[in-house]
Amino acid sequence: MLRLAASRSFTRPPLSTTLVTRRAASSAPQQPARSYARTAVYGSLFVVSAGLFAVYYFDCRASLHKYIVTPVIRYTLDPEAGHRLAVRVLGSGLAPRDPLPDDEVLKVELWGEELSSPIGLAAGFDKNGEAIDGLFNLGFSWVEIGSVTPKPQPGNPKPRVFHLPNDAALINRYGFPSDGHAAVLSRLRARLPALLPYSTTESEDPLHGAEHASLRPNSLLAVNLGKNKTSPPDSIADFVTGVRTFGPYADALVVNVSSPNTPGLRGMQSRTLLEELLVGVSAARDEVATASARKHRPKLLLKIAPDLDEAEVADIAEAVRTSGGVDGVIVSNTTVRRPPGVTDVNKVEQGGLSGPPLKPYTLATLRTLRSQLPASIPLIGCGGISSGADALEYARAGASAVQLYTAFGYGGPGVAREVKDELAALLRKEGTTWAQVVREAVAEKSLKPDERLAAVEGSEEGRAESVKLLVQEAEELKRLLEGLGERMKEKAGEGVSLAGGQQYVAVTPPPIDS
């Protein structure tokens, strides 16, 4: 019995061990299954969260951009480094976008082209054409790159950009840092759709069949043309070269004679030099149109300074009218003045001031110029615009469209959408449209034909202009008569005498050999 009990007691532990082993074996496969399920849940949550964040990030209206990203960049990087970072992000394809269509009340017509809104981006942000499509994706209907100089140049010494946060303003003395014509032209060409084997050659159709250089409907791409610092101050060659280089690849070309940061450049706003310049660039633009198979004729605009007195504005208006080739004027560039209301410590820095303090100067210049130009020449307002109300004020002053610059730096990628939404709300509240406001203001404030005739006839300047025109006509008549005489000599015809006051020009046949 004892042996039997001992043997039974001896055999129980293995049975218990076997049971434990079976339980362990049966529970082992359940732990990996639970682990896989947990991983799948976490992975799904991560993917969904990442997707939602991406949707949020790529929407330019997200508060993240206005209240976190933009201020962090502004306060952690120096202004120029922040500027470069913004250009690189916008050029990478990873920048936010405006997901909404523009309101119908914002439509504007320029030179027969319908734009989706009057809100554009001024030159100075994308100086070398590195982020064109990223900027269009933010909702700007007009993107102006540059200024671009013929030869590469570094610009002025650093530091050369200064924030004035107390005034929401900016001072820059960049001095046209530029990669040069060749580099910027290569970027413009790289944007174009590839030529098909059976299509026309690039020399015949540089835009490869595209209707606009912007490569999108209801939008325009402009190139701002600058001048090398080493070029003679009174030379127009850099601008003429710029028109010939970029004319085939732009919807509009802007002749910039108003930057305060290139020595001697603003001197080209004087009437004599400006007339020569406008005639030269107009002829170059016409050459571009003639050489194009599609007769692509970019619009030609002049950009002027806000620091002009009324007599200087009148001279510019006269030069624009008489040139016959200028399609519009951008008013204005930055100012060298420092309004009394500017309080930031950086106001002592040299350079051009932009932002809200510039707005009164620009509006005054625009109103003066509007009264000196016919309605057929549109004005583009640029200076201190940061809200829909600002844009509407420019429209009522006679501007057909407007451009942002400093507000974009302070407000971030959603600023164009904010301005458009506010502007649309104001227009709908008044029961009108942007086009109607502009049409009424331009009709009321522009120079009338009878006013121009009265001004010409009733002033010393007008009489001098009339005499100048008569002299030009006399010189042209003289050239025609000289040409007629040469042709008659060649024909060896009968002698003719042409009266010219008390003088006679005799045209006699050559002696005949006997």
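Below: a short report on this structure. Because the structure is predicted, anything quoted here is derived from the model rather than measured. (Residues numbered from 1 in each chain as written. Predicted model: local features only at pLDDT ≥ 70, side-chain atom pairs only at ≥ 80, totals over all residues. Heavy atoms only, no water.)

Concerning the packing of aromatic side chains
Note the threshold: Ring pairs are drawn from Phe, Tyr and Trp, using the six-membered ring of Trp, whenever the two centres fall within 6.5 Å, and their geometry is named by plane angle: stacked under 30 degrees, edge-to-face over 60, tilted for the rest. For every residue, the accessible area obtained with a 1.4 Å probe (protein chains only) is divided by the maximum for its type, and the residue is called buried under 20%, exposed over 50%, and partly exposed between those limits. Secondary structure elements follow DSSP: runs of H or I of four or more residues count as helices, runs of E of two or more count as strands, with numbering from the N terminus.
This model, assessed by the stated rule, comprises 4 aromatic pairs. Relative to phenylalanine 58, the ring of tyrosine 57 lies with its centre 5.0 Å away and its plane at 80°, an arrangement referred to as edge-to-face. The class of tyrosine 57 is partly exposed, set by a relative accessible area of 22%. Phenylalanine 58 sits in the partly exposed class, given a relative accessible area of 33%. With a centroid separation of 6.1 Å and an interplanar angle of 40°, the aromatic rings of tryptophan 111 and tryptophan 142 are classed as tilted. With tryptophan 111 in the loop between β1 (108-110) and β2 (113-115) and tryptophan 142 in strand β4 (residues 142-148), this residue pair connects regions lying 31 residues apart in the sequence. Note on tryptophan 111: relative accessible area 21%, which makes it partly exposed. For tryptophan 142, a relative accessible area of 4% translates into the label buried.

Notes on the sheet that holds strand β10 (residues 328-331)
Heads up, the condition is: In this scheme, strands are said to pair when DSSP sees at least two bridges between them. Structural elements are reduced to axes, namely lines fitted to C-alpha atoms, with helices fitted over the stretch in contact, and the angle between N-to-C directions of any two is expressed from 0 to 180 degrees.
Sheet architecture is closed into a barrel: 8 strands sit in the order β3-β4-β7-β8-β9-β10-β12-β13, paired in parallel fashion. When strand polarity is set aside, the average angle formed by the axes of neighbouring strands in this sheet is 25°. Note that β10 and strand β12 (residues 379-382) share 3 bridges and pair parallel. Along β12, the bridge assignment pairs valine 331 with glycine 381.

Points about the packing of helix α11 (residues 388-397) against helix α14 (residues 434-445)
Keep this limit in mind: Two residues qualify as a contact provided that any one of their heavy atoms is within 4.5 Å of a heavy atom in the partner residue.
At their nearest, the axes of α11 and α14 sit 7 Å apart, and the two run at 40° to each other. Between α11, through Ala391, Leu392, Ala395, Arg396 and Ala397, and α14, the contact on the second element is made entirely by Trp434, Val437, Val438, Ala441 and Lys445.

Brief notes about the pairing of strand β6 (residues 169-172)
Every second residue of β6 is oriented toward a common face, with Ala169 and Ile171 on one face and Leu170 and Asn172 on the other, all of them buried. Two elements, strand β5 (residues 161-164) and β6, share 4 bridges in a ladder whose sense is antiparallel. Paired with phenylalanine 162 across the strands is isoleucine 171, a residue of β6. Here β5 folds back onto β6, and the loop between the two strands holds 4 residues, one of which, alanine 168, carries a positive phi near 50°. As paired elements, β6 and strand β11 (residues 352-354) share 3 bridges and run antiparallel to each other. If you follow leucine 170 over to β11, its bridge partner there is serine 354.

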